[in-house]
Every structure is written in C-alpha cells, then in structure tokens.
Amino acid sequence: MALRDPLLTDLKGILLKLKDEKQPIRDSNPKVKQLCETLENIFRKGLKQPGSLFGLNKRDYWCWIEALPNYTWNDKINPLFSLAVESCKSSPKLQSHTGRGRCFMRIALVKKILGVPIEQLLKNPKLTEYWYDPTTSIIANELLKESLMSMLFLITDIQFELNLKNASFLDETWQIPVYRHYEMVPCKDLGVIVRHINGRVMVAELKPGSVAAEDDKIEPGDVLDEMFGESLYKCSRDRKSVV
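Residues numbered from 1 in each chain as written. Predicted model: local features only at pLDDT ≥ 70, side-chain atom pairs only at ≥ 80, totals over all residues. Heavy atoms only, no water.

A.B. asks: Would you take a moment to explain the nonpolar core for this structure?
C.D. replies: In summary, soluble globular proteins display a tendency toward joint burial of nonpolar side chains. With 55 residues, the main nonpolar core has Phe43, Trp64 and Tyr132 as its most contacted residues. When near neighbours in sequence (up to four residues on either side) are disregarded, Tyr132 contacts Phe43, Lys45, Gly46, Leu47, Lys48, Tyr61, Trp64, Leu121, Ser137, Ile139 and Ala140. Formed by 13 residues, the second largest nonpolar core is a distinct cluster that contains Leu190, Val201, Leu232 and Cys235. (Core = buried A, V, L, I, M, F, W, Y, C linked by side-chain atoms within 4.5 Å. Buried < 20%, exposed > 50% of the residue type's maximum accessible area, 1.4 Å probe, protein only. Contact = heavy atoms within 4.5 Å.)

What follows is the structure, encoded as structure tokens:
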C-alpha cells in the first residue's frame with residue numbers, strides 16, 4: 001500500500017495546473033497563494049518545538065533555513081541560497097520568522113532553489129532529526145521526502161516572475177497586494193497627507209492640484225511602501241514627513 005499525504009496530493013495538483021499555464025506565473029495568479037500556503041504547511045508539518053513557558057521561542061521553518069549555512073561548512077552550497085537568506089535577514093520590511101520564511105520561499109521560487117535547503121538538511125540525519133519528527137513530518141519521513149523532492153524538482157520547470165519587493169505584508173498574510181511603482185516630478189511637496197497605522201504609511205488625503213494627485217495615480221487608502229529606494233515600514237515619522 002502506497003504511503004500518501006494530503007498535502008503532497010494538493011501540491012501535485014497545483015503544480016500540474018501551473019505547468020499548463022502558457023505565461024510566466026505572476027503574483028496576480030491565484031494559484032501562487034495556494035502553492036505557497038501548501039508549501040508552508042509542508043515545511044511546518046512535524047517541525048519540533050522546544051519546551052518553553054507559555055510557548056515562547058516558537059520555531060518556524062525559517063529558523064533552520066537561516067541556521068543551515070552554519071552546518072554546511074564542508075559542503076559547497078548554492079550561492080543563490082546564501083544570497084536569498086541574507087536578503088531575508090536584512091530586509092527592513094520583515095519583522096518575524098514567518099515573514100522571513102515566506103520571503104525566502106518567494107525568492108526560492110523565482111531563483112529555482114526551493115529544493116536546496118531541504119537537500120542540504122537531509123544530508124545531515126542528526127540535524128534533520130533535531131528539527132523534524134520523522135513520524136509526523138513529510139520532510140523527515142523516509143518515503144514521503146522522496147515524493148516531496150521530486151515535486152520540488154518539478155517546480156524548477158515553472159517560470160515564476162514574482163515581484164520580490166512586494167514583501168511588506170508577509171508577516172501577516174500570503175495575500176499579496178497590488179504593487180505599483182511611480183516616478184514623480186521633483187518637488188518640495190508631493191501633496192500627500194498620510195496617517196501612521198501599525199507602522200505603515202497610509203494615504204489619507206491628496207492635496208488638489210498636487211503632483212501626487214495627477215492622473216489619479218495615488219488614491220486615499222493606498223499604503224506607501226518605499227520612497228527613494230528605502231522602505232517606509234516602521235521608519236521614523238521624521239522621514240515620513242518628506243511626503
């Protein structure tokens with residue numbers, strides 16, 4: 001009797017549908033969210049949690065991905081993996097293990113390296129056992145991990161063109177908002193009145209006739225994500241005053 005897991009069945013179905021797509025897979029494709037949620041559930045299934053009072057120091061899959069380079073000094077690891085990890089660690093848009101793990105997953109889909117961390121983890125049985133319960137996980141199960149690796153290899157045949165800058169809400173959700181880039185005419189005052197809500201800069205009002213109000217590019221309710229190439233998430237109010 002074949003050993004199956006519903007998450008792997010779901011993953012296979014999503015991948016087959018994505019392979020049938022004629023265009024590169026972008027954030028607007030609803031299957032991207034389904035894929036990422038399924039992958040995240042697989043990465044979390046059977047993940048061991050250290051005993052701690054009130055559930056403090058809760059682990060997520062990002063914890064072992066981030067630590068993996070410390071255990072691979074004798075192995076050559078894909079440099080794209082190392083760059084992806086550093087990018088997630090240094091991003092000012094991410095504040096949690098959840099957000100960084102999700103960001104890594106999106107980068108890995110684009111760069112075709114999602115199988116790299118699992119392959120490296122499985123080379124070290126003691127490390128795999130430290131992080132995953134072989135009786136409840138997919139990653140540490142002798143049979144299920146082979147099926148998983150074959151599907152991760154299948155993912156490399158799919159062309160993902162995700163906007164990796166669009167990361168500011170990954171701490172909270174896999175729902176990726178519409179992300180637009182605008183270039184404004186240089187001026188002292190863009191004409192945007194903002195409010196600060198949970199560390200984010202939200203457009204409350206536009207001054208009539210201002211640069212920002214031209215062509216209805218920016219609308220009340222929009223969240224300003226970056227200015228001059230720098231993230232506005234949880235930055236000081238002094239910096240936000242430039243708008």
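Anyway, onward from the coordinates.
A.B. asks: Please explain the pattern of salt bridges as it appears in this structure.
C.D. replies: Where charged atoms of side chains with opposite charge meet at close range, the side chains can pair. The full count for this structure, using the stated rule, is 15 salt bridges. A salt bridge links Lys33 to Glu37; the shortest N-O distance between them is 2.7 Å. Highlighted residues: Lys33 and Glu37, both in helix H2 (residues 30-44), separated by four residues, approximately one helical turn. On the basis of relative accessible area, Glu37 is assigned to the partly exposed category, the value being 30%. (Salt bridge = Lys/Arg side-chain N within 4 Å of Asp/Glu carboxyl O. Helix = DSSP H or I, 4+ residues; strand = E, 2+ residues; numbered from the N terminus.)

A.B. asks: How do you make sense of the packing of aromatic side chains when you look at a structure like this?
C.D. replies: Working definition: an aromatic ring pair is given by the centre-to-centre distance plus the angle between the planes. Taken as a whole, this structure holds five aromatic pairs when the rule is applied. Aromatic side chains Trp64 and Tyr132 sit 6.2 Å apart centroid to centroid with 75 degrees between the ring planes, which places their arrangement in the edge-to-face category. A residue pair is termed long-range when its members are at least 10 positions apart, and Trp64 in helix H3 (residues 61-67) and Tyr132 in the loop between helix H7 (125-131) and helix H8 (144-155) qualify at 68 residues. A single burial state applies to Trp64 and to Tyr132, both of which are buried. Ring geometry for Tyr130 versus Trp131: centroids 5.3 Å apart, planes at 90 degrees, classification edge-to-face. The partly exposed category is assigned to Tyr130, whose relative accessible area is 47%. The ring of Trp131 carries Arg59 above its face, with NZ or CZ at 4.4 Å from the centroid. (Phe/Tyr/Trp six-rings, centres within 6.5 Å; stacked < 30°, edge-to-face > 60°. Lys NZ or Arg CZ within 6 Å of the ring centre and 35° of its normal.)

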